[in-house]
Amino acid sequence: MAYTFDRRSFLRYSLIAGGAVGSASVLAACSSGSSDSGGNSTTNPKVQLSWQKNIEFAGEYFAIENGYYEAAGLGTPELITGGGPGTGVETGLTSNKVWIGMTAPQLTAPVILQGAKLKTVAATFQKNPFCIVSSAGSPILSPEEMKGKKIGVQASNENVFKALLTANGMTDSDIQKITVQYDPTPLTKGEVDGWVSYVTNEPITLAEGGFPNANFLFADFNLPLVAETLVVRQETIDNERDKLKAFIKADIQGWYDAVADPAKSAELAVTKYGKDLGLELGEQIKEAEAQNTLVVSDETKANGLLTMSDELIELNIEALAKAGYDIKPADIFDMSIVNEIYAENPELKKPI
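Residues numbered from 1 in each chain as written. Predicted model: local features only at pLDDT ≥ 70, side-chain atom pairs only at ≥ 80, totals over all residues. Heavy atoms only, no water.

- As recorded in an unreviewed UniProt entry, the protein chain goes by Thiamine pyrimidine synthase and comes from Williamsia marianensis.
- Per UniProt, the comment on the protein chain under Pathway (unreviewed entry) is "Cofactor biosynthesis; thiamine diphosphate biosynthesis."
- As recorded by UniProt, the Sequence similarities (unreviewed entry) comment attached to the protein chain reads in full: "Belongs to the NMT1/THI5 family." (UniProt positions renumbered as here; feature names shortened; annotations may be inferred.)

Next comes the structure, spelled out in structure tokens:
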């Protein structure tokens, strides 16, 4: 059977997309001085999502529905769908079209290295969702087990896959890399042994279609990049710190609600925010449950959702270096805001 997905491309988190984002077009935006007052309005700030309005932004949906942004004096943020041409978060920020956005370090780092003044101020996913999915009958459970196997890799994911190999002392010669599109039917037909996927999507959809499968996360094998990071311009931190703290506090509240209620998260995605996407409720619930394993970690249980420990920051810096981006922690990460929020509002941290 053919499989359809709510994600026909992986450009959002792919390292090759980072190269595309860090191109002349973004640099031109950095230097153009262009401005859109809507990106800086006092209320109803423009929020650039990394993808379509599916389950991935459940925390933001809850923050709107439960009035957290409103209570913080922010009105109702405008959630802008991403994932299409020209909708990169970094582009939106450097051109002053949006106030804050959800992205990933491997997309932000190359833009910063080319001169953009951006900072990552929170991290929703403590692990990135990239995985290798395989048949349950012939599971591949580690990079080592990929040796000699046929692995389906989409063109947009060449660099992130290469980074996985490099991080585990392997090269292309260790595996049989097969260039594929996004429909994993070749995996179900046995034409490849493994497939580059998102743990929150393809493994669930394949299982729903009658194909039992197994997977391993890139993040568990020396490529521990975070994802769905909140990124702003440095000037926002400097000039609108209180507004930024209010937004992140509301977002934290929303994400605690989302983690606690995957079924309601899915309902909001299917029936309201993503109602035009044709999302399937049962599948979105399973994706919400899978997503929670990326949002919740031992560190976020101890420190609070959306935080990043110093150790995790350092691991991300090392992972970025393996992907070819040598950047200092202070040039890309600023966790002072989220840390202040928890210090000032210890009641935000809840058992999860």
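**Examining the sheet that holds strand β5 (residues 130-135)**
Strand pairs in the sheet, formed through backbone hydrogen bonds, run parallel or antiparallel to each other.
Argument step 1. The mixed open sheet is built from 5 strands, whose spatial order is β7-β6-β8-β5-β9. Two strands bound the open sheet, and with one partner strand each, they are β7 (176-180) and β9 (213-217). Neighbouring strand axes in the sheet, compared pairwise and without regard to direction, differ in orientation by 35 degrees on average.
Argument step 2. Sheet topology places β5 next to β9; 5 bridges connect them, and they run antiparallel. Each residue of the ladder has a partner; that of V133, found in β9, is N215.
Argument step 3. Running at roughly 135 degrees to strand β6 (residues 150-154), helix α7 (residues 158-167) makes contact with β5, β6, β7, β8 (194-198) and β9 of the sheet. (Pairing = 2+ DSSP bridges. Helix = DSSP H or I, 4+ residues; strand = E, 2+ residues; numbered from the N terminus. Axes fitted to C-alpha atoms, helices over the stretch in contact; angles between N-to-C directions. Contact = heavy atoms within 4.5 Å.)

**Some thoughts on the environment of N201**
Argument step 1. One can find N201 in the loop between β8 and α9 (202-208).
Argument step 2. The exposure class assigned to N201 is buried, which follows from its relative accessible area of 0%.
Argument step 3. Separated by 85 residues in sequence, N201 and K286 place their C-alpha atoms 9.1 Å apart.
Argument step 4. Of note is the side chain of N201, whose polar atom sits 3.3 Å from the side chain of E287. (Buried < 20%, exposed > 50% of the residue type's maximum accessible area, 1.4 Å probe, protein only. Polar contact = N/O pair within 3.5 Å; in protein donor to acceptor, adjacent residues only side chain to side chain.)

**Digging into the side chain of N54**
Argument step 1. Note that N54 resides in the loop between β1 (46-48) and α3 (58-65).
Argument step 2. Engagement of the side chain of N54 in a polar contact is seen with the backbone nitrogen of E56, the distance being 3.0 Å.

**Remarks on the environment of T171**
Argument step 1. Along the chain, T171 falls in the loop between α7 and β7.
Argument step 2. The partly exposed category is assigned to T171, whose relative accessible area is 42%.
Argument step 3. Along the sequence, T171 and K147 sit 24 residues apart, while their C-alpha atoms lie 9.7 Å from each other.
Argument step 4. A distance of 2.7 Å separates the side chain of T171 from the side chain of S173, its partner in a polar contact.

**Focus: the packing of aromatic side chains**
Argument step 1. What the rule picks out here adds up to 6 aromatic pairs.
Argument step 2. With 4.3 Å between their ring centres and 5 degrees between their planes, Y61 and Y273 make a pair best called stacked. Remark: Y273 occurs in helix α12 (residues 262-273) and Y61 occurs in helix α3; sequence separation between them is 212 residues.
Argument step 3. For Y273, a relative accessible area of 17% gives the class buried.
Argument step 4. Measuring from ring centre to ring centre gives 5.7 Å for W99 and F247, while their planes differ by 70 degrees; the resulting arrangement is edge-to-face. Linking W99 in the loop between α5 (89-94) and β3 (100-103) with F247 in helix α11 (residues 241-260), this pair joins segments that are 148 residues apart in sequence. Per residue, the accessibility class of W99 equals that of F247, and both read buried.
Argument step 5. Taken together through their ring pairs, the aromatic side chains of Y69, W99 and F247 make up a single cluster.
Argument step 6. Sitting over the face of the ring of W99, K243 holds its NZ or CZ atom 4.5 Å from the ring centroid. (Phe/Tyr/Trp six-rings, centres within 6.5 Å; stacked < 30°, edge-to-face > 60°. Lys NZ or Arg CZ within 6 Å of the ring centre and 35° of its normal.)

**What to know about the sheet that holds β1**
Argument step 1. Pairing within the open sheet is mixed, and its 5 strands lie in the order β2-β1-β3-β10-β4. In this open sheet, the two edge strands, each paired with only one partner strand, are β2 (78-80) and β4 (118-125). For this sheet, the mean inter-axis angle between neighbouring strands, taken without regard to orientation, is 25 degrees.
Argument step 2. Where β3 lies against strand β10 (residues 227-233), 3 bridges are found, and the strand directions are antiparallel. In the strand pairing of β10, G101 is matched with V231.

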